[in-house]
Amino acid sequence: MDKGLLVVISGPSGAGKGTIYRNVIERAGMQRSVSVTTRAPRPGEVDGVDYFFKTEEQYQQMIAAGEFLETAAVYNNFYGTPKAPVFENIDNGRDVLFEVDVHGARSIKRKYPDAVAVFVMTPDFEVLEKRLRGRGTETEKSIRTRLGSAKNELSKYDLFDYIVFNDDIDEATESVLEIINAERCRVKNNIGTIKNLLK
Ligand code: ADP
Ligand code: 5GP
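Residues numbered from 1 in each chain as written. Chains lettered and ligands numbered in written order. Predicted model: local features only at pLDDT ≥ 70, side-chain atom pairs only at ≥ 80, totals over all residues. Heavy atoms only, no water.

Enquirer: What is the right way to look at the sheet that holds strand β3 (residues 36–37) in this model?
Expert: Remark on secondary structure: sheet strands pair via backbone hydrogen bonds, oriented parallel or antiparallel. With mixed pairing, four strands are arranged side by side in an open sheet as β4-β3-β6-β5. The outermost strands of the open sheet, each flanked by one partner alone, are β4 (52–53) and β5 (68–74). Strand direction decides the pairing type here: β3 and strand β6 (residues 77–82), joined by two bridges, are antiparallel. Residue pairing for β6: V36 is matched across the bridge by G80. (Pairing = 2+ DSSP bridges. Helix = DSSP H or I, 4+ residues; strand = E, 2+ residues; numbered from the N terminus.)

Enquirer: What is the right way to read the nonpolar core from this model?
Expert: When a protein is soluble and globular, its nonpolar side chains tend to lie buried together. Ranked by size, the top nonpolar core spans 25 residues in total, and within it V7, I20, V24, M30, L97, V176 and I180 carry the most contacts. Elements with a contribution of two residues or more to this core: β1 (6–10), α1 (17–28), β8 (116–121), α5 (125–135), α6 (140–154) and α7 (169–184). With residues up to four places along the chain from it excluded, the contact list for V7 reads M30, V96, L97, F98, V116, V118 and I180. By size, the runner-up hydrophobic cluster in this structure holds 17 residues, among which are V102, A115, M121 and F160. (Core = buried A, V, L, I, M, F, W, Y, C linked by side-chain atoms within 4.5 Å. Buried < 20%, exposed > 50% of the residue type's maximum accessible area, 1.4 Å probe, protein only. Contact = heavy atoms within 4.5 Å.)

Enquirer: For this particular structure, what's the right way to read the packing of aromatic side chains?
Expert: Two aromatic rings are characterised by how far apart their centres lie and by the angle between their planes. Scanning the entire structure with this criterion turns up six aromatic pairs. Their ring planes at 55 degrees and their centres at 6.2 Å tell us that F87 and Y112 sit as a pair that is tilted. Remark: Y112 occurs in the loop between α4 (102–111) and β8 and F87 occurs in helix α3 (residues 83–91); sequence separation between them is 25 residues. Using a relative accessible area of 28% as the deciding quantity, one classes F87 as partly exposed. A network of ring pairs unites the aromatic residues Y51, F53 and Y79 as a single cluster. (Phe/Tyr/Trp six-rings, centres within 6.5 Å; stacked < 30°, edge-to-face > 60°.)

Enquirer: Whenever I open this one, the sheet that holds strand β7 (residues 96–99) confuses me. Can you help?
Expert: Reading across the sheet, the five strands line up as β2-β7-β1-β8-β9 and stay open at both edges, with parallel pairing between neighbours. Two strands close off the open sheet at either side, each with one partner strand: β2 (31–32) and β9 (162–165). Both β8 and β9 contribute to a ladder of four bridges, which runs parallel. Looking at the pairing, F119 lines up with I163 of β9.

Enquirer: What is the right way to look at unusual backbone geometry in this model?
Expert: Excluding glycine, a negative phi dihedral is what most residues carry, and trans is how most peptide bonds are arranged. You will see that Y75, though not glycine, has its phi angle at about 45 degrees, which is positive. The topology assignment puts Y75 in the loop between β5 and β6. The backbone of N76 sits at a positive phi, close to 75 degrees, despite the residue not being glycine. Relative to the helices and strands, N76 resides in the loop between β5 and β6. Judged by its relative accessible area of 70%, N76 falls in the exposed class.

Enquirer: Whenever I open this one, the site of ligand 1 confuses me. Can you help?
Expert: Close to ligand 1 lie 14 residues; G14, G18, T19, R135 and N166 are nearest. Contact between ligand 1 and G14: an oxygen atom at 2.7 Å from a main-chain N or O atom of the residue. G16 is positioned such that a nitrogen or oxygen atom in its backbone is 3.0 Å from an oxygen atom of ligand 1. For ligand 1, whose unbound accessible area comes to 560 Å², protein coverage reaches 74%. At the level of secondary structure, the elements contributing two or more residues to the shell around ligand 1 comprise α1 and α5. If you tally residues by element for the shell around ligand 1, the top one is α1, at three residues. Here the residues of the shell around ligand 1 sort into three nonpolar, six polar and five charged. (Near = heavy atom within 4 Å. Polar contact = N/O pair within 3.5 Å; in protein donor to acceptor, adjacent residues only side chain to side chain. Areas by Shrake-Rupley, 256 points an atom, 1.4 Å probe, with all protein chains shown as cover. Nonpolar A, V, L, I, M, F, W, Y, C, P; charged D, E, K, R; others polar.)

Enquirer: When you look at the packing of α1 against α7 in this model, what are you seeing that I'm missing?
Expert: For the pair α1 and α7, interaxial distance at closest approach is 10 Å and the crossing angle is 50 degrees. In terms of their interaxial angle, α1 and α7 are classed as oblique. When you trace α1 past α7, the crossing you get is right-handed. Taking contact as the criterion, the partners of T19, I20, N23, V24, R27 and A28 in α1 are, on α7, I169, A172, T173, E174, V176, L177, I180 and R184. Considering only residue class, the contact of α1 with α7 consists of eight nonpolar, three polar and three charged. (Axes fitted to C-alpha atoms, helices over the stretch in contact; angles between N-to-C directions. Parallel < 35°, antiparallel > 145°, perpendicular 65-115°, else oblique. Left-handed = near helix turned anticlockwise from the far one by under 90°.)

Have a look at this one:
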């Protein structure tokens, strides 16, 4: 491919983005985009691996220094995508995978219209609530906030190129891998290689 792909996974909290993201990174040989956040680490989360955990003051300094490709306030915390590693990767032909909220997906698509945006959703909202509760990471208040946003997030469907319904996790992962493979094969993503062959 001429350049790396930028693939964005988004959708409501509890839809399975994180699970799919981890599966796809492993199987598709993609670069992770590690986000910066002001939220507290969950048990087991590692700084620099799951997120870069920052104070609000440090976060504001990063905004002022223009270090973000996009930044959004999500469920009462800040989340942002550091810019430099993304362009370093795609310019060197490496595909980058993002997991961001719907606002983040919109910002990335605006700045980089060739980004491939995939919306992940459960088969219905009842399953979404069950999975979010089952994960056991959120307070009741946080669960309410996240479920309260879910319909609004789905209503932004036209920002996205694909939707994957995460019923069975293996099938959902497979669908995202197929999307990535198809995008890698698009003629418009291989013009440089084709022209080289035609020389
Ligand atoms: P998100 O990152 O979108 O908030 P997660 O990946 O954390 O969602 O998934 C929410 C919960 O649902 C997790 O406990 C995860 O293990 C579980 N889960 C994800 N996909 C499925 C699935 N297809 N079937 C059953 N449980 C799932
Ligand atoms: P969590 O707190 O569950 O890890 O993430 C909460 C939400 O923030 C999820 O919807 C996740 O996709 C989103 N998120 C994570 N990183 C980023 C980011 O860099 N930018 C944006 N806009 N959203 C993010």
